[in-house]
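Here are the chains, one letter per residue:
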Amino acid sequence: MTRSVYTPRPYGGLITSHIMDVDRGAVFAGMGMGKTVCTLTALDNLIMCGSDKPTLILAPLRVAKSTWPEEAKKWSHLRNISVMPITGNESERRQALKYDASVYTTNYENIPWLIEHFGTRWPFEHVVSDESTRLKGFRLRQGTKRARALAKVAHTHIKRFTALTGTPAPNGLQDLWGQMWFLDAGKRLGKNYTGFRDRWFSTGFDGFTMKPHDHAQAEIQELLGDICLTIDAKDWFDLKDPIVNNIYVDLPPGPRRLYDQMEKDFFIQLESGHEIEAFNAAARTQKLLQIANGACYVDPLTETDYDPKSKEFKEIHDVKIQALDEIIEEAAGAPVLVAYQFKSDLARLLKAFPNGRHLDKESSTIREWNEGRIPVLFAHPQSAGHGLNLQDGGNILVFFGLNWSLEDRLQIIERIGPVRQMQAGYDRNVFIHNILARDTVDELVLARVETKREVQDILLEALRRRH
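Student: So, the overall build of the protein: which residues are in play, and what are the values?
Tutor: Along the backbone of the protein there are 19 helices and 17 strands. For the protein, the residues scored as buried account for 54% of the 467 residues in total. A separation threshold of at least 6 residues defines the contact pool for the protein, and within that pool the share at least 24 residues apart is 70%. Accessible area for the protein stands at about 22,500 Å²; split by element, carbon and sulfur atoms hold 50% of it.

Rendered as structure tokens:
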């Protein structure tokens, strides 16, 4: 639904004015802080001020393909902004470039192709690097291929360059040089990486580890102060409330057709009955939830993990796993707690993230998590309920899959929730990410846990709306 009124958050004006007033600058703001809508608002203002050249936004694939275009459609004040993703195979990318848009988005992997395609005819006056840490590996004579390709036009054909990230230095201050070079060509941190390293770092005993000097952080912050804007969540949010971020993914065509057929049969079953018990109605959605998550039990009668045949499943898609991978990458090393729903989810997650661990009955797992030794912990809400203290391990929770139980959801949130964070002495926000398959039962389940409405009422309303 399109929002009829744009109500900027307290920092919205800061980000917008920063992007408008600084030709080259960075915005450091965490997940869920509204960087996308604020950036689009700034671009809209630039257009109204007379800018007639298109903007290119670089982002991770899913973000470039879906998040930016969808955010532009959400707000009525952005109705004059047209966003065109340049993704897919070469033929699809060339076709996208034929459309007349004010903003184009593409994933970082396409940078070399885009540079080669346009050559000296580079059309983008303004480039926005979303998750600019993707450029941290740039070096003048080496480094990542995509960053070196972008460097060819960064200071010759691009007038404005904006970097956006919530984690500018995920592995330490050394990650800053590559990103900042695209803003000032080394004016502040040094013309090359070697000079930057020699000025502010010493090499560890192993010959590879870089240890910053005691004065490094203060000096680097001072040098970057005029082009960087930092937005800290705790300055704007009430710590009593978690920051919730809904991340939508689209089912690929094949799984979409399978889901639609299953949903049709499901609603036919609902429609044929005069009385529907809430338990049975929720149980009948299990197949739909399985497909939305990406795998389905082979036996058509197997709906829950408790069935002996639940070990046999077929993977259908991995779009939720891709979304989780981006969340973990954006967390930049901060531990992530992941709530899953089915055994098939767990099996696929452990395969996709081999450094992750399952929250089992061993007390050592909880201890290692709280000591920060487990980067990703997979937990079923029912197994992470009453009595577990997980707040020392982290403050990021991802719901890979959802279920109808509000109690289960609240219980796992409470394991790392704001109250426990405060009790443990941590001054940090709790981030909750819901990965949702668009136009699926995921949205109905979220409506249940957000509004506390009865399962039966939500399903019957969906039945009337869709059929």
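Student: Residues and numbers for the packing of aromatic side chains, please.
Tutor: A complete count under the given rule lists 15 aromatic pairs for this structure. Aromatic pair tryptophan 181 and phenylalanine 182: ring centres 5.3 Å apart, planes at 90°, arrangement edge-to-face. Both residues of the pair, tryptophan 181 and phenylalanine 182, belong to the buried class. Taken together, the ring pairs connect Phe138, Phe161, Trp177, Trp181, Phe182, Tyr193, Phe196, Trp200 and Phe201 into an aromatic cluster. A cation sits over an aromatic face here: lysine 320 above phenylalanine 400, 6.0 Å from the ring centre. Taking NZ or CZ as reference, arginine 409 lies 4.3 Å from the ring centre of phenylalanine 399, over its face.

Student: Can you lay out the pattern of salt bridges for me, pointing to particular residues and giving the numbers?
Tutor: Following the criterion strictly, the structure yields 18 salt bridges and no others. Arginine 94 is the salt-bridge partner of glutamate 90, the closest N and O atoms lying 2.9 Å from each other. Of this pair, glutamate 90 and arginine 94 both sit in helix H4 (residues 90–96), 4 residues apart, which is roughly one turn of that helix. Put simply, glutamate 414 and arginine 420 hold a salt bridge, and the shortest N to O gap is 3.7 Å. We classify arginine 420 as buried; its relative accessible area is 14%. Through salt bridges with shared partners, one network takes in Glu70, Asp250 and Arg438.

Student: Describe in detail the sheet that holds strand S1 (residues 24–29), supporting the description with residues and values.
Tutor: Taken in spatial order, the 7 strands make up an open sheet running S3-S4-S2-S5-S6-S1-S9, and their pairing is parallel. Each edge of the open sheet is held by one strand with a lone partner, namely strand S3 (83–85) and strand S9 (228–231). Across the sheet, the mean angle separating the axes of adjacent strands is 20° when strand polarity is ignored. Alignment of strand S5 (residues 126–130) against strand S6 (residues 160–165), held across 5 bridges, turns out to be parallel. Counted as the bridge partner of valine 128 is threonine 162 from S6.

Student: Tell me about the nonpolar core, and please be specific about residues and values.
Tutor: In terms of nonpolar packing, the biggest core is built from 61 residues, with Leu324, Leu337, Val338, Leu349 and Phe378 touching the most fellow members. It is helix H13 (residues 319–331) that contributes the most residues to this core, 7 residues altogether. The residues contacting leucine 324, other than those within four sequence positions of it, are Val338, Leu349, Phe353, Phe378, Val398, Phe400 and Ile435. By size, the runner-up hydrophobic cluster in this structure holds 48 residues, among which are Val127, Ala149, Leu150 and Phe161.

Student: Which residues make up the environment of aspartate 21, and what values go with them?
Tutor: Counting through the fold element by element, aspartate 21 comes out in helix H1 (residues 12–21). Distance in space between the C-alpha atoms of aspartate 21 and leucine 46 is 9.9 Å, their sequence separation being 25 residues.

Student: Report on the pairing of S1, specifying residues and quantitative values.
Tutor: Burial within S1 is extensive, with 6 of its 6 residues counted as buried. Side chains Arg24, Ala26 and Phe28 project from S1 onto one buried face, and the interleaved Gly25, Val27 and Ala29 project onto a second face that is buried too. In this structure, S1 lies alongside S6, joined through 5 bridges in parallel fashion. Bridged to glycine 25 within S6 is threonine 162. Here S1 pairs with S9 via 4 bridges, running parallel. Directly across from alanine 29, in S9, lies its bridge partner isoleucine 231.

Student: So what's going on with the sheet that holds strand S10 (residues 243–249)? Residues and values would help.
Tutor: Hydrogen bonding along the main chain pairs the strands of a sheet, whether they run parallel or antiparallel. Ordered by their spatial adjacency, 6 strands build an open sheet running S10-S17-S16-S13-S15-S14, and the pairing between neighbours is parallel. Strands with a single pairing partner mark the edges of an open sheet, and in this sheet they are S10 and strand S14 (356–358). When the angles between neighbouring strand axes are averaged without regard to direction, this sheet yields 20°. This element, helix H14 (residues 343–352), spans strand S13 (336–339), S14 and strand S15 (376–379) of the sheet and lies at about 150° to S14. Running over the sheet, helix H18 (residues 441–451) touches S10 and strand S17 (431–437) and is turned about 145° from S17.

Student: Run through helix H8 (residues 193–200), naming residues and quoting values.
Tutor: Of the residues making up H8, those classed as buried are Tyr193, Phe196 and Trp200. Considered in projection along H8, the buried side chains sweep an arc of 60° and stay on one side of the axis. Here the buried face of H8 lies against helix H7 (176–184), strand S7 (201–203), strand S8 (210–212) and helix H9 (216–224). Among the residues of H8, the N-terminal cap falls to asparagine 192, whose side-chain oxygen and the backbone nitrogen of threonine 194 are separated by 3.3 Å.

Student: Before we move on, could you go through the packing of helix H2 (residues 35–48) against helix H3 (residues 61–74) and cite the residues and values that matter?
Tutor: Packing of H2 against H3 brings their axes to within 10 Å, and their N-to-C directions diverge by 65°. For the element pair H2 / H3, the angle class is roughly perpendicular. When the axes of H2 and H3 are compared, the crossing they make is right-handed. Residues Thr36, Val37, Thr39 and Leu40 of H2 lie in contact with H3, whose contacting residues are Trp68, Glu71 and Ala72. Here the contact of H2 with H3 is built from residues that sort into 4 nonpolar, 2 polar and 1 charged.

How each quantity is defined
Residues numbered from 1 in each chain as written. Predicted model: local features only at pLDDT ≥ 70, side-chain atom pairs only at ≥ 80, totals over all residues. Heavy atoms only, no water. Helix = DSSP H or I, 4+ residues; strand = E, 2+ residues; numbered from the N terminus. Buried < 20%, exposed > 50% of the residue type's maximum accessible area, 1.4 Å probe, protein only. Contact = heavy atoms within 4.5 Å. Areas by Shrake-Rupley, 256 points an atom, 1.4 Å probe, with all protein chains shown as cover. Phe/Tyr/Trp six-rings, centres within 6.5 Å; stacked < 30°, edge-to-face > 60°. Lys NZ or Arg CZ within 6 Å of the ring centre and 35° of its normal. Salt bridge = Lys/Arg side-chain N within 4 Å of Asp/Glu carboxyl O. Pairing = 2+ DSSP bridges. Axes fitted to C-alpha atoms, helices over the stretch in contact; angles between N-to-C directions. Core = buried A, V, L, I, M, F, W, Y, C linked by side-chain atoms within 4.5 Å. Arc of directions from axis to C-beta. Polar contact = N/O pair within 3.5 Å; in protein donor to acceptor, adjacent residues only side chain to side chain. Parallel < 35°, antiparallel > 145°, perpendicular 65-115°, else oblique. Left-handed = near helix turned anticlockwise from the far one by under 90°. Nonpolar A, V, L, I, M, F, W, Y, C, P; charged D, E, K, R; others polar.

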